[in-house]
Amino acid sequence: MPNPLIIFKENIVLKINKEFERFTGYSKDEIIGKSKSEIRNIFKIYNTENIINGQSIYLFIKNDQPREVVISYDINEENEQIYYIKEKRNSRIEDSLPYIENFVQENIGIAIYNAKDGTILKANQALLDFINLPTIKIENIIGHKMYDHPNFSFETIYKKIINDQKPYILKEINTKHHEDKYWDITFIPIFIKRKIKFLLQLVSDITEKVMSRKIIEKQNQELELIIENISEEIIIFDQEGEFLKMNKSARENALFDINNTKNVCGALNCFKGYEIDGTLIPYENRPINRIRRGEKIENYRIIRKNEKTTQYREVSGGPLYNSDGKLIAGILVSKDISDRIKYEENIYTKAQYDIITKIIENFDFGFARLSYPDFKYIDINNKAYELYKKINPNIGSQSSMIGQCISNYNKTNIIKLNEKLIKCFKNNKSYIYVNRHIVDDEELFQKYIVQPLYGLNNEIIEIIVIGIDVTKDEKAINILEKTLQTQDEIYSNVSHELKTPLNVIFSANQIMNMYLTNDLYDREKFLTYNNNIKQNCYRLIKLINNIVDLSKNSSGSFNANFINGNIIETIENIVQSVSEYIKSKGLRITYDANVEEKIMAYDPNHIERIMLNLMSNAIKFSNAGKEIFVNVIDNENTVEICVEDQGIGIAKKHLDSLFKRFYRVNKSLSRNTEGSGIGLSLVKSLVDLHGGTIKVESTSGKGSIFKVTLPAKIIENQVQHKIEMRNEENRIEIINIEFSDIYN
Ligand code: ADP
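Keep in mind that this is a model prediction, so the values were computed, not measured.

1. Some points on the overall build of the protein
- The helix and strand inventory of the protein stands at 21 helices and 28 strands.
- A compact globule built from 744 residues should have a C-alpha radius of gyration of about 27 Å, whereas the protein, at 66 Å, is more than 25% larger.
- Projected onto its principal axes, the C-alpha positions of the protein cover 210 × 60 × 45 Å.
- Burial statistics for the protein: of 744 residues in total, 43% are counted as buried.
- Of the contacts formed within the protein by residues at least 6 apart in sequence, a portion of 54% connects residues at least 24 apart.
- In the form shown here, the protein has an accessible surface area of approximately 41800 Å², with 50% of it arising from carbon and sulfur atoms.
- Considering the protein, the positive charge centre built from 99 side chains and the negative charge centre built from 102 side chains are found 6 Å apart.

Here it is as structure tokens:
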């Protein structure tokens, strides 16, 4: 079959053959008569100047399909130029890239270049959009070389591909004329027989993808920024519990020891977790482990604690699943709520405190609130301040105590106090103690009840101290103790003294009984025994009286009944009433006074006790023939009563102890010096009741002198009493009793 041919004469198409028509799709009418340059335009032969014989070029047939052809020509004798056109075998794009047509329909920009010179062989509208020539028709660009794109030099890329023999990819190209558009551009060299024959350019508009990615990126960035800067601590961890992400707050929190471990639980290991009520949270129930098991946690309050720090935290979080429903990570959001807890605690404390305040308002005791554990006054009420001021008059103002440590006011050792408190509180007890203070020679007792106020997690947050003046109660207890002690002393010291007269009475009684049962009666003997019985009865009465008085004295119920009277007369009467008795003992008695009358307040019965006691001692310890002196001296403000004897005297070493209870100089002395050791101590108590003093001077073997000095006071607005004398019977009775331990 002949080749297509086209014949020019003088550069005008003269003739084409049928094969030319069939090959190009153009009819004779469209071609014949056209000039050479018109023919170049029709077939889009822009890049070849003069066609050399045998040259292969691309020409575009009627439907704009490129055809690679080899052109040879001849000039005949009529000077006509005959161009023979022969299509190269297997050169059609649609044969090499059979699928390309499909792409061309798509929304992807496509261009196919002639690898030799970069001529556009094929292109679609999408490509024109990309190169910003949307109004230009494809038929107007094919056959031309690719334009240099504003964003890249096509020339450079073309050379690079030819040189490297590799595809070339441009990603996310953003052109100036399409600022809001993004493109991916790929140049693919197409090899035919190991040589690059075509360059395939694919341009895809990825604006939507990039935009949505950019939006997501931007959102993510914003989200990350929010997460990063949020005050809550956020940790994302994987199934193994390893950190995937932490925000700034989490990283900065000392709770997470991120330097040593990547594991969240490991990082938290230096802390223990507690429920808000103080119970330890076991490892497997730590929030992170619960989340890893798929649990959701909402506003769970816990305490994280080590030796240095205690943090109250509120924790929320939950598992994160992938699209297959597999747990892939966990998120934990937590925040430090120590301040909030403190605030709530304050309200809680205030509520407790309000109740207490209401209660204490109605009571009359001291009340103070102390901070814990530094024991500083938060609050102190007036009563407490008064109590303090009593024991420490130099204390500052009530308000100046606020904020000061209690150790500034009393010498409390706070550490020891705290130890004691904790011990008590552990046993659910208040710490109670009584302090004794001496102020102006007076004993003061203050009782303190120390009670903690607990916070929400059962920790001591404040201490309340209640102070009560218990001086009266304590004194009463002391008296009771003293009384009991006295009773003990009485039993151990006096039981013998009680038995002695009883034995005498009992044996006298038995002897008399014996006489009577044998019908024997001896009047003289009976009188003697009867006297013995009587004497020892008196002795018992004296002893019992003394014991009773001693007990009264110990319990503080030993009272005096003061009346204004003439003490000189009282003493003279007493002396007179015993003078006969003294004489009967072979002793002499001398009474003297420097005045006849001295009116003052005294208890006549007590004075009688004092005088009889001193005189009975003087008699007891004097031998017959000696003299006893009773002297009363009015010294205006005082009255001095002296009882002096010439008896056995008392050794110096005993003088200081003589007035102590149960003190006796020598218990093994002779019979007539038997005694209980109560007399002088009672005398001293009676003198004390009068506000007076008693002294003793003595020389062993020479005698003793007891000096009682009484203040001469008068009870105002009281009529002067005439002190009644006892009747004879009474007087004898008293003397018999008081002198009952004097033996013949
Ligand atoms: P008692 O009942 O033993 O006499 P007192 O308290 O009256 O108890 O006396 C205590 C002791 O003091 C006596 O046991 C005695 O040793 C000594 N004493 C008291 N008065 C005299 C005195 N006038 N002369 C010598 N010794 C005395």
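2. Considerations on the site of the ligand
- Near the ligand lie 19 residues; those nearest to it are Asn617, Lys620, Asp645, Ser676 and Leu680.
- Here a nitrogen atom of the ligand and a side-chain polar atom of Asp645 are 2.9 Å apart.
- Here the ligand loses 97% of its free accessible area of 530 Å² to cover by the protein chains.
- The set of elements that each furnish at least two residues to the shell around the ligand consists of helix H18 (604-620), helix H20 (679-689) and strand E28 (703-711).
- Each residue belonging to the shell around the ligand can be placed in one class, and the counts come to nine nonpolar, seven polar and three charged.

3. Observations regarding H20
- With eight of 11 residues buried, H20 lies mostly within the body of the structure.
- Gly691 lies just past H20 and shows a positive phi near 75°.

4. Thoughts on helix H21 (residues 728-738)
- Among the residues of H21, Arg731, Ile735, Ile737 and Glu738 are the ones counted as buried. Seen from one end, H21 has its buried residues packed into an arc of 160°, which puts them on one side.

5. Some details on the nonpolar core
- Formed by 52 residues in total, the largest nonpolar core has its most connected members in Ile567, Ile571, Ile607, Met611, Leu614 and Met615.
- For this core, the leading source of residues is H18, giving eight residues.
- What Ile607 contacts, discounting residues up to four positions off in sequence, is Ile567, Thr570, Ile571, Ile574, Tyr602, His690 and Leu710.
- Ile112, Leu121, Ala123 and Leu127 belong to the second largest nonpolar core, which has 34 residues in total.

6. Considering the sheet that holds strand E8 (residues 168-173)
- With antiparallel pairing, five strands are arranged side by side in an open sheet as E7-E6-E10-E9-E8. Edge positions in the open sheet fall to strand E7 (120-123) and E8, since each of these has one partner strand only. With direction set aside, neighbouring strand axes in the sheet form an average angle of 15°.

7. A short note on the packing of aromatic side chains
- For the structure on display, the rule yields 14 aromatic pairs.
- Relative to Tyr158, the ring of Phe154 has its centre 6.1 Å away and its plane inclined at 25°; by these criteria the two rings are stacked. On the criterion of helical spacing, the pair formed by Phe154 and Tyr158 is a turn pair, its members being four residues apart in helix H7 (residues 154-164).
- Of the residues examined, Phe154 reaches a relative accessible area of 4% and is grouped as buried.
- Geometrically, the ring pair formed by Tyr515 and Phe526 is edge-to-face, given 6.0 Å between the ring centres and 70° between the ring planes. With Tyr515 in helix H15 (residues 471-517) and Phe526 in helix H16 (residues 523-555), this residue pair connects regions lying 11 residues apart in the sequence.
- Grouped by ring-pair contacts, the aromatic residues Tyr113, Phe154, Tyr158 and Phe187 constitute a single cluster.
- The cationic tip of Arg290 hangs over the ring face of Tyr300; the distance from NZ or CZ to the ring centre is 5.0 Å.

8. Brief notes about a positive patch on the surface
- A cluster of like positive charges, contributed by Lys15, Lys18, Arg22 and Lys28, occupies part of the molecular surface.
- Looking at where Lys28 falls in the secondary structure, it is placed in helix H2 (residues 28-31).
- Lys28 gets classed as partly exposed once you look at its relative accessible area, which sits at 34%.

9. Brief notes about the sheet that holds strand E21 (residues 460-469)
- Ordered by their spatial adjacency, five strands build an open sheet running E18-E17-E21-E20-E19, and the pairing between neighbours is antiparallel. Of all strands in the sheet, those with a lone pairing partner are strand E18 (377-380) and strand E19 (431-439), marking the two edges. Geometrically, the sheet is characterised by an average inter-axis angle of 20° between neighbouring strands, direction not taken into account.
- Looking at chain direction, E19 and strand E20 (residues 442-454) are connected through nine bridges and run antiparallel.

10. Comments concerning the side chain of His654
- By secondary structure assignment, the location of His654 is in helix H19 (residues 652-655).
- We classify His654 as buried; its relative accessible area is 12%.
- Of note is the side chain of His654, whose polar atom sits 2.6 Å from the side chain of Tyr663.
- What His654 contacts, discounting residues up to four positions off in sequence, is Tyr663 and Val665.

11. Regarding unusual backbone geometry
- Of the consecutive residues Tyr372 and Pro373, the connecting peptide bond is found in the cis state with omega at 10°.
- Tracing the chain through its elements places Pro373 in the loop between strand E17 (366-371) and E18.
- The backbone of Asn11 sits at a positive phi, close to 65°, despite the residue not being glycine.
- Inspection of the secondary structure assignment puts Asn11 in the loop between strand E1 (5-9) and strand E2 (12-16).
- The backbone phi angle of Gln165 is positive, close to 60°, even though this residue is not glycine.
- For Gln165, the location among the structural elements is in the loop between H7 and E8.

Cut-off values and rules
Residues numbered from 1 in each chain as written. Predicted model: local features only at pLDDT ≥ 70, side-chain atom pairs only at ≥ 80, totals over all residues. Heavy atoms only, no water. Helix = DSSP H or I, 4+ residues; strand = E, 2+ residues; numbered from the N terminus. Rg over C-alpha atoms; globule rule 2.2 N^0.38 Å. Buried < 20%, exposed > 50% of the residue type's maximum accessible area, 1.4 Å probe, protein only. Contact = heavy atoms within 4.5 Å. Areas by Shrake-Rupley, 256 points an atom, 1.4 Å probe, with all protein chains shown as cover. Lys, Arg positive; Asp, Glu negative; His and termini not counted. Charge placed at Lys NZ, Arg CZ, Asp CG, Glu CD. Near = heavy atom within 4 Å. Polar contact = N/O pair within 3.5 Å; in protein donor to acceptor, adjacent residues only side chain to side chain. Nonpolar A, V, L, I, M, F, W, Y, C, P; charged D, E, K, R; others polar. Arc of directions from axis to C-beta. Core = buried A, V, L, I, M, F, W, Y, C linked by side-chain atoms within 4.5 Å. Pairing = 2+ DSSP bridges. Axes fitted to C-alpha atoms, helices over the stretch in contact; angles between N-to-C directions. Phe/Tyr/Trp six-rings, centres within 6.5 Å; stacked < 30°, edge-to-face > 60°. Lys NZ or Arg CZ within 6 Å of the ring centre and 35° of its normal. Patch = residues over 30% accessible without salt bridge, like charges linked within 9 Å, V, L, I, M, F, W, Y side chains within 5 Å. Salt bridge = Lys/Arg side-chain N within 4 Å of Asp/Glu carboxyl O.

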